[in-house]
Amino acid sequence: MSEHYVAVGWNRQKKLYDSATLAGIALYLAAFIGVGTFVQPFATAETLIIRGLGTCALALLHVILCIGPLCRLDRRFLPLLYNRRHLGVTMFFLAFGHGAFAIIQFHALGDVNPLVSVLVGETRFGSITNFPFQPLGLAALVILLLMAATSHDFWLANLTAPVWKRLHMAVYVAYALLIGHVSLGFLQGEATTVTTGLLALGMVAVFGLHIIAGLRESVPDRPLDRPLNDTGFVDVGALAEIRESCAKTVTLAGERVAVFRHGDQAFAMSNVCQHQNGPLGEGRIIDGCVTCPWHGYQYRLEDGASPPPFTEAVPTFETTVRDGRVFVNPKPRPSARRA
Amino acid sequence: MIRSLRLAHRVALPVLGVASFGIFAAAVATRPQPPITTQYPAALASDRPNRSEVLALGDTFDVPGISLGRFEENGKKWLLIAPNRDPGRPDLLAYWSPMKPAGKELPAGVILLGALSGAASVSLSLPTNVPASGGFVVLYSPADRTVFATAQLLPTGR
Ligand code: FES
């Protein structure tokens, strides 16, 4: 949420985040190539670079994919989510380096276009051991390119968050393609028990965490079956069970609604942040505004509008508190969005 | 995330997970074992030479991790090339050479002895036109067009 356009709104936290990421990557590559020179003295520099970039990108992709569910399971991981898009773009460049070096090394010396050579160089689709694994990596790289190219808030604002999210969910397809790429490629050749085990562990972490987080999230996704009161409002529970300045999330009229407590009052607004659809119900009230836990977008309690000069707004819902219980009108108020 | 997307996410992840684990399991199950070439003469197939005896002859390559020995069997001379681990090049060929290679190229007059196979020890017979001692054993990678390792064949009984 920036007042005037800047390509990247740098702040101390983003700089720290990116510096730590780049330092980690540099250390990994140096260690990989350094140790590799001794452990595999016969591997060429190109081979070590291709492998270093590929393993680094894959490891980073695992980290990126685990951040989402980890944040849903434990709020202490939220700082990792803050700048996850930069991690994603960095990971794309590592993967691109791996792909580019591999194509130059293995496909550039023939008389066929290197990209065509990747696609037609191996056609034994009926074999597992000789399956053409390189096109799988190329397909994953194309998806990662699309995601990196549209990662900026410019695209988020123009595509709208739901479309952008849908596009970026393709990362799971890219991940599955990469599992195929590695399993049918590297694992068929020089993989050791350790490298095979590490890949299995990574898959268990990614899919396991997502499934656990998904199961946990399915509870608040169940529509409330509490009776409507005489005014058509839905009883969403006791005010006392909501912590001060925090929210309880319920599903009303097909979408999640965050019901915040502010002193003796309750306020309800859509749980979906306008930025990247982050969960507002996991945020807090700061300075009279609901503050998104992901990147800090703010929305006023009374009308869901971001404080000026910002123009975002989320739908809000009428609430009443009667006998200590909170009732919410499932019909949203007209939007407070400003031009 | 909006609810419809979250529900799609909840279905897509297990499906992709099952597919990924399926591919991974199939790939691991059908992974080929590294090919092993054993070129021991039939007489030695059940009674391989004691490697420590063979290696005591002491010829060594100029890269670590590959031992070289010689033995005689049935009047034929044999070389035993025994890598401690996979040299990391799948295409190594062993040559006898009358002179030490000067650079990456094979010298003139080399004689092909046979191929290495990963970390497996191989025994290669020395052709009769190769002198009993002297010369060099050169391991060469045709893919990289480079000499990978060289060992001098010292006179036996030194
Ligand atoms: S999702 Fe980014 S601030 Fe809410």
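Residues numbered from 1 in each chain as written. Chains lettered and ligands numbered in written order. Predicted model: local features only at pLDDT ≥ 70, side-chain atom pairs only at ≥ 80, totals over all residues. Heavy atoms only, no water.

Caption draft 1: Expanded view of the side chain of Ser20(B). All names here are of chain B. Mapped onto the fold, Ser20 is located in helix α1 (residues 3–29). For Ser20, a relative accessible area of 0% puts it in the buried group. Here Leu16 takes part through its backbone oxygen, which lies 2.8 Å from a polar atom of the side chain of Ser20. (Helix = DSSP H or I, 4+ residues; strand = E, 2+ residues; numbered from the N terminus. Buried < 20%, exposed > 50% of the residue type's maximum accessible area, 1.4 Å probe, protein only. Polar contact = N/O pair within 3.5 Å; in protein donor to acceptor, adjacent residues only side chain to side chain.)

Caption draft 2: Structural view of the packing of helix α2 (residues 45–73) of chain A against helix α9 (residues 171–184) of chain A. Residue and element names in this part refer to chain A. Put simply, α2 and α9 touch, their axes get as near as 12 Å, and they point 145° apart. The handedness of the crossing between α2 and α9 comes out as left-handed. Here Leu58, Leu61, His62 and Leu65 of α2 lie close against α9, whose contacting residues are Val171, Tyr172, Tyr175, Leu178 and Val182. Across the contact of α2 with α9, the residue classes break down as 8 nonpolar, 1 polar and no charged. (Axes fitted to C-alpha atoms, helices over the stretch in contact; angles between N-to-C directions. Left-handed = near helix turned anticlockwise from the far one by under 90°. Contact = heavy atoms within 4.5 Å. Nonpolar A, V, L, I, M, F, W, Y, C, P; charged D, E, K, R; others polar.)

Caption draft 3: Fine view of the confidence of the model for chain A. The predicted model of chain A averages 89 in pLDDT, with 94% of residues at 70 or higher. The secondary structure element of chain A with the lowest average pLDDT is helix α7 (residues 153–159) of chain A, at 82, and the one with the highest is α9(A), at 97. (pLDDT = per-residue confidence, 0-100.)

Caption draft 4: Structural view of the pattern of salt bridges. Residue and element names in this part refer to chain A. Summed over all chains, the structure comprises 12 salt bridges over all chains. One salt bridge in this structure joins Arg76 and Asp74, with 2.6 Å as the shortest N-O distance. Asp74 gets classed as partly exposed once you look at its relative accessible area, which sits at 22%. By sharing partners, the salt bridges in this structure join Arg72, Glu217, Arg256 and Glu282 into a single network. (Salt bridge = Lys/Arg side-chain N within 4 Å of Asp/Glu carboxyl O.)

Caption draft 5: Just the packing of aromatic side chains, in detail. All names here are of chain A. The full count for this structure, using the stated rule, is 8 aromatic pairs over all chains. Geometrically, the ring pair formed by Phe125 and Phe131 is edge-to-face, given 5.6 Å between the ring centres and 85° between the ring planes. Where Phe154 meets Trp155, the ring centres are 5.4 Å apart and the plane angle is 90°; that geometry is what we call edge-to-face. According to the relative accessible area criterion, Phe154 is partly exposed, its value standing at 43%. Ring pairs connect the aromatic residues Phe92, Phe93 and Phe96, which therefore count as one cluster. Taking NZ or CZ as reference, Arg322 lies 5.7 Å from the ring centre of Phe327, over its face. (Phe/Tyr/Trp six-rings, centres within 6.5 Å; stacked < 30°, edge-to-face > 60°. Lys NZ or Arg CZ within 6 Å of the ring centre and 35° of its normal.)

Caption draft 6: Inspection of the confidence of the model for chain B at higher detail. Residue and element names in this part refer to chain B. On average, residues of chain B score 78 in pLDDT, and 79% of them reach the 70 mark or higher. Scored below 50 in pLDDT, residues 35–53 shows 26 contacts in the model against residues more than four places distant or in partner chains. Here the complex is predicted with pTM 0.72, and the ipTM for its interfaces comes to 0.81.

Caption draft 7: Up close: the domain arrangement of chain B. When the domains of chain B are assigned, the result is domain 1 (1–31) and domain 2 (51–153). Each of domain 1 of chain B and domain 2 of chain B has a C-alpha centre, and these two points are 49 Å apart. (Domains from an automatic or database assignment.)

Caption draft 8: Structural detail: α1(B). With 27 residues, α1(B) extends 39 Å between its outermost C-alpha atoms, agreeing within 8% with the 39 Å of an ideal straight helix rising 1.5 Å per residue. Of the residues making up α1(B), those classed as buried are Arg3(B), Leu5(B), Arg6(B), His9(B), Leu13(B), Leu16(B), Gly17(B), Ser20(B), Phe24(B) and Ala27(B). Check the buried side of α1(B) and you find it contacts α8 (161–168), α9, α10 (193–217), β2 (247–252) and β3 (255–262) of chain A. (Expected span 1.5 Å × (residues − 1).)

Caption draft 9: Fine view of the environment of Pro79(A). Residues and elements named next belong to chain A. Within the fold, Pro79 resides in helix α3 (residues 78–81). Looking at Pro79, the relative accessible area reads 47%, which means it is partly exposed. Taking the C-alpha atoms as reference points, Pro79 and Thr129, separated by 50 residues in sequence, lie 42 Å from one another.

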